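Single-letter residue listing:
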Amino acid sequence: QQQVKQSPQSLIVQKGGISIINCAYENTAFDYFPWYQQFPGKGPALLIAIRPDVSEKKEGRFTISFNKSAKQFSLHIMDSQPGDSATYFCAASTGGGNKLTFGTGTQLKVEL
Amino acid sequence: KAGVTQTPRYLIKTRGQQVTLSCSPISGHRSVSWYQQTPGQGLQFLFEYFSETQRNKGNFPGRFSGRQFSNSRSEMNVSTLELGDSALYLCASSEKPFNSPLHFGNGTRLTVT
């Protein structure tokens, strides 16, 4: 019940394309859903986050779509660039807290 | 502002030893959390401290412990190291323990031989 399932495990996208990463959760008490980006040798960096009272949030080329009834949320990266090549993690917590349950990660490679 | 600082960056220890990792949060941040990252288990929550008190604890054995000081700095300790403790240990800080973005450091890479 505490798991967050993330797919795909890896993704290859052409430069300029759209990268889509999906996550699903079981615990209906989750109320905070951040996405993190991690480069090799670095810690995860917060990209964008959403709460269940909105269905979509956009920041630059990054958009989170949230479907509360399906208990799913996804990250869309528009106009993907080689610099976006990294591992992306979805996460969830209750009460907007710092005890995050992470997905298993998606390795994104953007090819020229 | 300086980011979350973790020391040391790399550490090699032998089974049975103990280790202490250090974390300095972003200035003004009073909440510090620790996570373990491994290829097999991914990112897992260890514990969280706020105002020197442990607020939350993950599902790790009692060999894993931590503390927070009055200046918000934090340390975590692992006693009686096992090979399976080899991991990247990440510290993260936020202004408060809820509704506040969590910022991660670059971690301490612990190798147990």
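Just so we're clear, the structure is a prediction, and the values are computed from it rather than from any experiment.

Undergrad: Would you take a moment to explain the interface of chain A and chain B for this structure?
TA: You'll often see interface size given as the accessible area lost when the parts meet. The interface of chain A with chain B comprises 17 residues on the first partner and 23 residues on the second. Both faces considered, chain A and chain B share a buried interface measuring about 1,500 Å² in area, 49% of it formed by carbon and sulfur atoms. Contact with chain B buries area across many residues of chain A, yet N98, K99 and F102 of chain A alone supply 39% of it, more than any other trio. Here chain A is connected to chain B by zero salt bridges. Applying the counting criterion to the chain A and chain B interface returns eleven residue pairs in polar contact (both at pLDDT 80 or more). Here the side of chain A that touches chain B takes three residues from strand β4 (residues 30-38) of chain A, the largest share from any one element.

Undergrad: Can you help me understand the sheet that holds strand β1 (residues 5-7) of chain B in this one?
TA: Within a beta sheet, neighbouring strands are joined by backbone hydrogen bonds and run either parallel or antiparallel to one another. All names here are of chain B. Across the sheet, which stays open at both edges, the four strands sit in the order β1-β3-β8-β7 with antiparallel pairing between neighbours. Strands with a single pairing partner mark the edges of an open sheet, and in this sheet they are β1 and β7 (64-68). On average, adjacent strands in this sheet sit at an angle of 20° to one another, irrespective of strand direction. Relative to strand β8 (residues 74-78), strand β3 (residues 19-24) is paired through five bridges, and the arrangement is antiparallel. Paired with S22 across the strands is E75, a residue of β8.

Undergrad: Would you mind going over the pattern of salt bridges with me for this structure?
TA: Once their charged atoms are close, side chains differing in charge can pair, the charge on each being opposite to the other. All chains considered together, the criterion is met by eight salt bridges over all chains. As a salt-bridge pair, E59 of chain A and K57 of chain A come within 3.7 Å of each other at their nearest N and O atoms. With relative accessibility at 32%, the residue K57 of chain A sits in the partly exposed group. Residue E82 of chain B pairs with R63 of chain B through a salt bridge whose shortest N-O separation is 3.6 Å. Of the two residues, E82 of chain B is situated in the loop between β8 and β9 (87-94) and R63 of chain B in the loop between β6 (53-57) and β7; the sequence distance between them amounts to 19 residues. Taking relative accessible area as the criterion, R63 of chain B reaches 15% and is therefore assigned buried. The structure contains a network of salt bridges with shared partners spanning R63, E82 and D85 of chain B.

Reading guide: rules and limits
- The residue numbering used here restarts from 1 in each chain and proceeds along that chain's sequence as written.
- The naming scheme follows written order: chains are lettered A onward, ligands numbered 1 onward.
- Residue-level local features of this predicted model are given only where pLDDT is at least 70; pairs of side-chain atoms are given and counted only at 80 or more, and the full residue set underlies all totals for whole chains, interfaces and linings.
- With hydrogens and water excluded, all non-hydrogen atoms of the structure serve as input to the side-chain values.
- Whether two residues touch is decided by their heavy atoms; if any such pair falls within 4.5 Å, the residues are in contact.
- Buried area is a sum: the accessible area each of two parts loses on coming together, probed at 1.4 Å, counted once for each and added.
- Any Lys or Arg side-chain nitrogen found within 4 Å of a carboxyl oxygen on Asp or Glu counts as a salt bridge.
- Any N or O atom pair separated by 3.5 Å or less is treated as a polar contact, with the protein-specific requirement of one donor-capable and one acceptor-capable atom, and with residues adjacent in sequence counted only for side-chain atom pairs.
- The secondary structure listing takes helices from DSSP runs of H or I that are at least 4 residues long and strands from runs of E that are at least 2 residues long, numbered from the N terminus.
- Paired strands are those between which DSSP finds at least two bridges.
- In this description, a line fitted to the C-alpha atoms serves as the axis of each element, helices being fitted only across the stretch in contact, and the angle between N-to-C directions of two axes falls anywhere from 0 to 180 degrees.
- Residue exposure (1.4 Å probe, protein chains only): buried if accessible area is under 20% of the type maximum, exposed if over 50%, otherwise partly exposed.

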